[in-house]
Amino acid sequence: MSVPSTAADDISVAPRAVRTLIVVLLGFLMLPMSMSGAGVAVPRIGAELHTSGPEAQWIVTAYFLTASSLMLVAGSLGDVIGRRRIYRIGAVAYLVGSLAAGLAPSIEVLLAARVVTGFGAAGVMAGGGAIIGATFTGSARTRAFAAMGTIGGLGLALGPSLSGWLIDGLGWRLGFGLFAVPGLVLFMGTWLMGETRAASRPRIDATGAVTFIGGLAALMLAVTQGPARGWAAPEVLGILATALILFAAFIAVERRTANPVLHLSVLSQPRFVGWLLAAATMSFGFGGILAFLPSYLQDPVGLDAGQAGLVMMLPTLPMMVLPLIGSRLINRGVSPRLLITAALVVLSAGNAWLTVLHPTMTILEVAGPLVVTGAGAGLAAGIIDAQAMNEVSAAQVGMAAGMLNTVRGSANALLLALFGSTLVALLASKLGSTDLAGQVATGNLPDLPDAAFLAAQLTSTWRVILTVLASLCFLAAMIASLLLRGASHDDRRQSG
């Protein structure tokens, strides 16, 4: 039976820790790359598989929906059955889903493949974060999570460019299918890791897992259907009621079970909740731009897929350096609260600045907003996980990693669903046609005499949504700053 590995305060003196970190970082590079690249492929997939609008955007949303619904459960299971084992299962599922997506003959099969890929992502992301949290402590943990933030941001930024090149040169199918290769590499890399788990192996909370997954999936399904069908539609209200019932059952189960999927006590800790809010804000402040802007850059701006991908590399520059800078500042005594508040305010400013977009804009005009947005996301990515891990016990790092990734994934999935649905709904109110609005929103503007009018309506709708996002990011920054007042759990433990 495996036992928890010894935590390493100094990465350089623990060779296994170095190998473990490399494998985990590879996962955090490739999975975000695959996710962000899917947005570039939407127009091509929609044209080949004869779909558009919200259904086409489900190519992106299905991945997020599945991954975010399963991450908390994956992280908590890792605490019980082994974090490396969860990571390994995730790598296999990711491999299979990527291959199936590349071979999909229809939109239905493609969406099913994206669900499998999301299942794999949940295991790799939650398992990887938990493995780092269990392997490193102190300043080494801060540096390790900063490296994870840098690599994850790099993957997000490189995804559109790499996918654009693959789509232009090889087609969208290979753009998905080739990601099976890193899935295989991650699976093989698990043999370089040591296994870690909690000291005891209590009974798995199956009821809690099922009710949580069902409740979160139902909630996000209602959000995706609400804008199109109407929030008062019987089917939407029924799905929302189902979500509420399942969440109520989940809370009741977690209060009674000895080993819950989620220890509800952590949600009574303002600082942990503050870091969860910061994680959610980072996701919805950056995710919509990442997923939907490539379509806008292709039509009406007029770039091809490869060029759009290159533009979306602009956030790479700050995301390659700011996570590590943030971790160094914290290790030198700078307040994490101050840094995360600044990061979220910068993220807000980037969204607000992007309202300058227009159909004839140049790369120079969009460069500033994207770099600023990447700076906010990069600084946040480098500090959130390590600081949140400092608020829980060593036996709960899997649960904490799963919760953080659930919040990120849920925020992304909800944002993508709301962003896409709202984009189509607002356009439909202006254009008088939901079908036409769906085509325009996904970068397939019809070649009509009034194409300039359609582009103008799309642009004004984008500006409204970006203004709302900027406002929400600023509000979240203020709330997070209030929640993060006081000493951390680690500080209190050391002083005691």
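Residues numbered from 1 in each chain as written. Predicted model: local features only at pLDDT ≥ 70, side-chain atom pairs only at ≥ 80, totals over all residues. Heavy atoms only, no water.

Quick look at the layout of surface pockets
For clarity, the cut-off: With a 1 Å grid laid over protein atoms only, a set of points is called a cavity when a 1.4 Å probe fits there but cannot get out and a pocket when it is open yet has protein on both sides within 12 Å along at least five of seven lines; lining residues have an atom within 4 Å of a point. Grid points are joined across faces, edges and corners, and a volume is the space filled by probe spheres set on the points. By definition, any uninterrupted DSSP run of H or I lasting at least four residues is a helix, any uninterrupted run of E lasting at least two residues is a strand, and each is numbered from the N terminus. Residue polarity follows a fixed list, in which Ala, Val, Leu, Ile, Met, Phe, Trp, Tyr, Cys and Pro are nonpolar, Asp, Glu, Lys and Arg are charged, and the others, Gly among them, are polar.
Its boundaries defined by the atoms lining it, the largest pocket holds a volume of some 590 Å³. Lining the largest pocket are 25 residues, and of these Phe284, Ser410, Ala411, Leu414 and Leu415 sit closest to its centre. Counting residues per element, the ones that place at least two in the lining of the largest pocket are helix H8 (206-229), helix H9 (234-256), helix H16 (397-431) and helix H18 (451-483). Ranked by residue count, the leading element in the lining of the largest pocket is H16, at 11 residues. Tallied by class, residues from the lining of the largest pocket come to 22 nonpolar, three polar and no charged.

A short note on helix H12 (residues 316-331)
The condition that has to hold: Working rule for helices: expected span equals 1.5 Å times residues minus one. One fitted axis covers the seven residues ending at a residue, a second covers the seven starting there, and the bend at that residue is the angle between these axes.
If you check H12, its first and last C-alpha atoms are 24 Å apart, about what 16 residues at 1.5 Å a residue would give, namely 22 Å. The sharpest bend along H12 comes to roughly 30°, located at Leu322, with the proline Pro323 sitting one to four residues further on. Gly333 sits one or two residues past H12 and shows a positive phi near 105°.

Details of the side chain of Thr117
Going by this rule: To sort residues, take the accessible area from a 1.4 Å probe on protein chains only and compare it with the maximum for the residue type: under 20% means buried, over 50% means exposed, and anything in between is partly exposed. Note on contacts: a residue pair qualifies if any of its non-hydrogen atoms lie within 4.5 Å across the two residues.
Here Thr117 is to be found in helix H4 (residues 107-135). What makes Thr117 buried here is its relative accessible area of 2%. Those residues in contact with Thr117 that lie beyond four places of it in its chain are Tyr63, Ala93, Tyr94, Gly97 and Ser98.

Considerations on a nonpolar patch on the surface
Operational definition: Each patch is built from residues that are more than 30% exposed by relative accessible area and take part in no salt bridge. Like charges join if they lie within 9 Å; nonpolar side chains (Val, Leu, Ile, Met, Phe, Trp, Tyr) join within 5 Å. The accessible surface values rely on the Shrake-Rupley method and a 1.4 Å probe; as for residues, cover is taken only from the protein chains in view. One speaks of a salt bridge when a side-chain nitrogen belonging to Lys or Arg is within 4 Å of a carboxyl oxygen belonging to Asp or Glu.
On the surface, Met320, Val321, Ile325 and Leu329 cluster together into a nonpolar patch covering about 310 Å² of accessible area. Among the structural elements, Met320 can be located in helix H12.

A few points about the packing of aromatic side chains
What counts is decided by this rule: Centre distance within 6.5 Å is the pairing criterion for rings of Phe, Tyr and Trp, where only the six-membered ring of Trp is used; planes under 30 degrees apart are then read as stacked, over 60 as edge-to-face, and the remainder as tilted. Working rule: Lys NZ or Arg CZ, within 6 Å of ring centre, within 35 degrees of ring normal, means a charge sits over the ring.
Counted according to the given criterion, the structure contains six aromatic pairs. Pairing Phe212 with Phe247 gives two aromatic rings, centres 6.4 Å apart and planes at 65°, and the pair type is edge-to-face. Pair noted here: Phe212 is in helix H8 and Phe247 is in helix H9, with a separation of 35 residues, a long-range link. A connected cluster of aromatic rings, assembled from ring pairs, spans Phe292, Tyr296, Phe419 and Trp462. Above the face of the Trp191 ring, Arg88 is positioned so that its terminal group lies 3.9 Å from the ring centre.

Some details on the confidence of the model for the chain
Condition: Values of pLDDT, which run from 0 to 100, indicate the predictor's confidence residue by residue.
Across the chain, pLDDT averages 81, with 87% of residues at or above 70. Within the chain, the element-level pLDDT minimum falls on helix H19 (residues 489-495), averaging 50, and the maximum on helix H13 (residues 336-353), averaging 96. Ignoring residues within four places in sequence, the model shows residues 1-13, a span with pLDDT below 50, making 36 contacts including any to other chains.

Thoughts on the environment of Gly402
Its location among the elements puts Gly402 in helix H16. With relative accessibility at 0%, the residue Gly402 sits in the buried group. Sequence-wise, Gly402 and Leu262 are 140 residues apart; in three dimensions their C-alpha atoms are separated by 9.4 Å. Among all residues touching Gly402, those that are not within four sequence positions of it are Met71, Leu72, Gly75 and Ala126.

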